[in-house]
Amino acid sequence: MKKWLLMLLMVSMAGMILTPAGLAKEVGKGDIAFVDVSVLTVWAAPNLDRPIDAPAVSNPVDHWKWTTDMTYEEKLWLVGKLETQALYGMKVNVLEEAGDWVKISVEGQPTPREASGYPGWVPKVQLTTNERLEDLSNRPFATVTVPTGSLYDDRTLSKEFMEVSFNTRLPVMAEQGDNVLVATPADGNKWFDLADIEIYESEQDIPKPTADDLLATGELFLDLPYLWAGVSGFGFDCSGFTHTIYKAHGITIPRDSSIQAQHGTFVEREDLQKGDLVFFARNNGIGAVHHVGMYIGEGKMIHSPNTASTVEIVVIDESSYASSYHSGRRYLDN
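On a predicted model such as this, the values are computed, not experimentally measured, just so you know. (Residues numbered from 1 in each chain as written. Predicted model: local features only at pLDDT ≥ 70, side-chain atom pairs only at ≥ 80, totals over all residues. Heavy atoms only, no water.)

**Focus on the overall build of the chain**
Here's step 1: Within the chain one finds eight helices and 22 strands.
Here's step 2: Over its C-alpha atoms the chain spans a radius of gyration of 20 Å, differing by no more than 12% from the 20 Å that the globule rule assigns to 334 residues.
Here's step 3: Surface summary for the chain: the accessible area is close to 14,900 Å², and the carbon and sulfur share equals 50%.
Here's step 4: Between the mean site of the 27 positive side-chain charges and the mean site of the 46 negative ones, the chain shows a separation of 5 Å. (Helix = DSSP H or I, 4+ residues; strand = E, 2+ residues; numbered from the N terminus. Rg over C-alpha atoms; globule rule 2.2 N^0.38 Å. Areas by Shrake-Rupley, 256 points an atom, 1.4 Å probe, with all protein chains shown as cover. Lys, Arg positive; Asp, Glu negative; His and termini not counted. Charge placed at Lys NZ, Arg CZ, Asp CG, Glu CD.)

**A few points about the nonpolar core**
Here's step 1: Membership of the largest hydrophobic core comes to 26 residues, with the highest contact counts inside it found for F221, F241, Y246, L277 and M294.
Here's step 2: Among the secondary structure elements, those contributing two or more residues to this core are α5 (211-219), α6 (238-248), β18 (277-281) and β19 (289-297).
Here's step 3: Counting residues per element, this core draws most heavily on α6, which supplies five residues.
Here's step 4: With near-sequence residues (within four places) excluded, F221 lies in contact with P147, F166, G233, F236, F241 and V311.
Here's step 5: Of all hydrophobic cores here, the second largest spans 16 residues; its members include L40, V42, V106 and V122. (Core = buried A, V, L, I, M, F, W, Y, C linked by side-chain atoms within 4.5 Å. Buried < 20%, exposed > 50% of the residue type's maximum accessible area, 1.4 Å probe, protein only. Contact = heavy atoms within 4.5 Å.)

**Topic: the sheet that holds strand β21 (residues 312-315)**
Here's step 1: As summarised here, the arrangement of the six strands in space is β17-β22-β18-β19-β20-β21, forming an open sheet in which the pairing is antiparallel. Looking at strand neighbours, the two that pair on one side only are β17 (265-267) and β21, the edges of this open sheet. Recorded for the sheet is a direction-independent mean angle of 40° between the axes of neighbouring strands.
Here's step 2: Seen against the sheet, α5 touches β19, β20 (300-303) and β21 and runs at an angle of roughly 115° to β19.
Here's step 3: Packing against the sheet, α6 makes contact with β18, β19 and β20, and its axis sits at approximately 45° to β19. (Pairing = 2+ DSSP bridges. Axes fitted to C-alpha atoms, helices over the stretch in contact; angles between N-to-C directions.)

**Some points on the environment of G177**
Here's step 1: Along the chain, the position of G177 falls in the loop between β11 (169-176) and β12 (179-183).
Here's step 2: Sequence separation between G177 and L194 is 17 residues; the distance between their C-alpha atoms is 8.4 Å.

**Describing the environment of S319**
Here's step 1: Here S319 is to be found in the loop between β21 and β22 (325-330).
Here's step 2: S319 sits in the buried class, given a relative accessible area of 17%.
Here's step 3: Through-space distance from the C-alpha of S319 to that of A174 is 48 Å; in sequence the pair is 145 residues apart.
Here's step 4: Here Y321 takes part through its backbone nitrogen, which lies 3.1 Å from a polar atom of the side chain of S319. (Polar contact = N/O pair within 3.5 Å; in protein donor to acceptor, adjacent residues only side chain to side chain.)

**Some words on a nonpolar patch on the surface**
Here's step 1: Side chains of Y72, L76 and V79 sit close together on the surface and give an oily, nonpolar patch of about 240 Å² of accessible area.
Here's step 2: With respect to the helices, strands and loops of the structure, L76 is situated in helix α3 (residues 72-76). (Patch = residues over 30% accessible without salt bridge, like charges linked within 9 Å, V, L, I, M, F, W, Y side chains within 5 Å. Salt bridge = Lys/Arg side-chain N within 4 Å of Asp/Glu carboxyl O.)

**Structural notes on the environment of P207**
Here's step 1: With respect to the element layout, P207 can be found in the loop between β14 (197-200) and α5.
Here's step 2: By relative accessible area, which is 49% here, P207 ends up partly exposed.
Here's step 3: Sequence-wise, P207 and G250 are 43 residues apart; in three dimensions their C-alpha atoms are separated by 7.5 Å.
Here's step 4: Residues contacting P207, with those up to four places away along its chain left out, are Y200 and H249.

**Here's the deal with α5**
Here's step 1: All of the buried residues in α5 are A211, L214, L215, T217 and G218. An end-on view of α5 places all buried positions within 160° of arc, on one side of the element.
Here's step 2: Of the surrounding secondary structure, the elements contacted by the buried residues of α5 are α6, β19 and β20. (Arc of directions from axis to C-beta.)

**Details of the layout of surface pockets**
Space left empty within the atom packing is revealed by a probe, the size of a water molecule, rolled over the atoms.
Here's step 1: Its boundaries defined by the atoms lining it, the largest pocket holds a volume of some 740 Å³.
Here's step 2: Contributing elements (two or more residues each) for the lining of the largest pocket: β11 and α6.
Here's step 3: Of the residues belonging to the lining of the largest pocket, the class tally is 10 nonpolar, 10 polar and seven charged.
Here's step 4: Taken as a whole, the second largest pocket encloses approximately 540 Å³ of empty space.
Here's step 5: Around the second largest pocket, the lining comprises 30 residues; the ones closest to its centre are Y226, W228, C238, S257 and H290.
Here's step 6: Partitioning the lining of the second largest pocket into residue classes produces 15 nonpolar, nine polar and six charged. (1 Å grid on protein atoms, 1.4 Å probe; cavity = no way out; pocket = protein on both sides within 12 Å on 5 of 7 lines; lining within 4 Å. Points joined across faces, edges and corners; volume = space filled by probe spheres on them. Nonpolar A, V, L, I, M, F, W, Y, C, P; charged D, E, K, R; others polar.)

**Quick notes on the packing of aromatic side chains**
Here's step 1: For the structure shown, the criterion picks out nine aromatic pairs.
Here's step 2: Measuring from ring centre to ring centre gives 6.0 Å for F141 and Y200, while their planes differ by 55°; the resulting arrangement is tilted. Here the residue F141 occupies a position in strand β8 (residues 141-144), and Y200 occupies one in strand β14, the gap between them amounting to 59 residues. Considered together, F141 and Y200 belong to a single accessibility category, that of buried residues. (Phe/Tyr/Trp six-rings, centres within 6.5 Å; stacked < 30°, edge-to-face > 60°.)

**Here's the deal with the pairing of β19**
Walk down a regular strand and you will see the side chains alternate between the two sheet faces.
Here's step 1: Of all nine residues making up β19, eight are buried, and the element is well covered by its neighbours.
Here's step 2: As paired strands, β19 and β20 are joined by three bridges and run antiparallel to one another. Residue G297 lies in a different strand from β20, and its bridge partner there is K300.
Here's step 3: Where β19 folds back onto β20 in an antiparallel hairpin, the turn is made up of two residues, including E298, whose phi is positive at roughly 55°.

Right under this line is the structure:
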């Protein structure tokens, strides 16, 4: 009891009215919750994880250790086992419970599979509920603009709290010179270096991008290893790459390539422009869509191809996708 009272006193003295992650209320069916780890990996079913996946199903996670420790075969095993990912502070809806796991839907990742967002299973320990964070949803937010950036415990930026991904968004509480104070899901207020973020009043205030803006963002991730279901600066799959690039610029497109290929505006191949999405399908391009890249002009695309590769730029007709071109779609206004 004395230890508990001392902890409460310390939290009060620090002015942190958010509950530490270890003391957060356990989420349950029907809750609106927030991602409480740098990257939340969403699984196709509960309890699918292997011992090597421990860094990805804990709180905190160690995403670099997880991805670098796996062999090619161990990464390939993830295909079909993972659904998507969500970033620190993202809002999710809790749909079902199964022991220590819950089925969620990730808001902001459109899919016909679930109206409220992309569905899948995650450990409860990686989520938290927080009424205060809900109340801060109308405040200006900081969004990470580097592949990965750091949150710090202190204004001097001397003690790192967590490494977070590109496009992580957190409510801004205060600005002090080149440092920005933000609210976190369960650990009080933390600090960003202004050089790693942009601040917007709302998502509607994100500047309308040009095609060159999209391409410059995509090029930040050249040589980043592929990760099935990835949507972060720690690793992307093909549609997670395109979805995240557009999302970072204020444009929400579907999460999966097969659905991305059904929206936007159809573009004939000879009319492709920079920033358009290009899709590839089985059966020499007339079957089911299975891959997407972003057209960058001169017959080239930037994409995150497969488990054996990294984000790269290729000439489409000289690549392994040359015979499987399906269609082009435009999500930018002319």
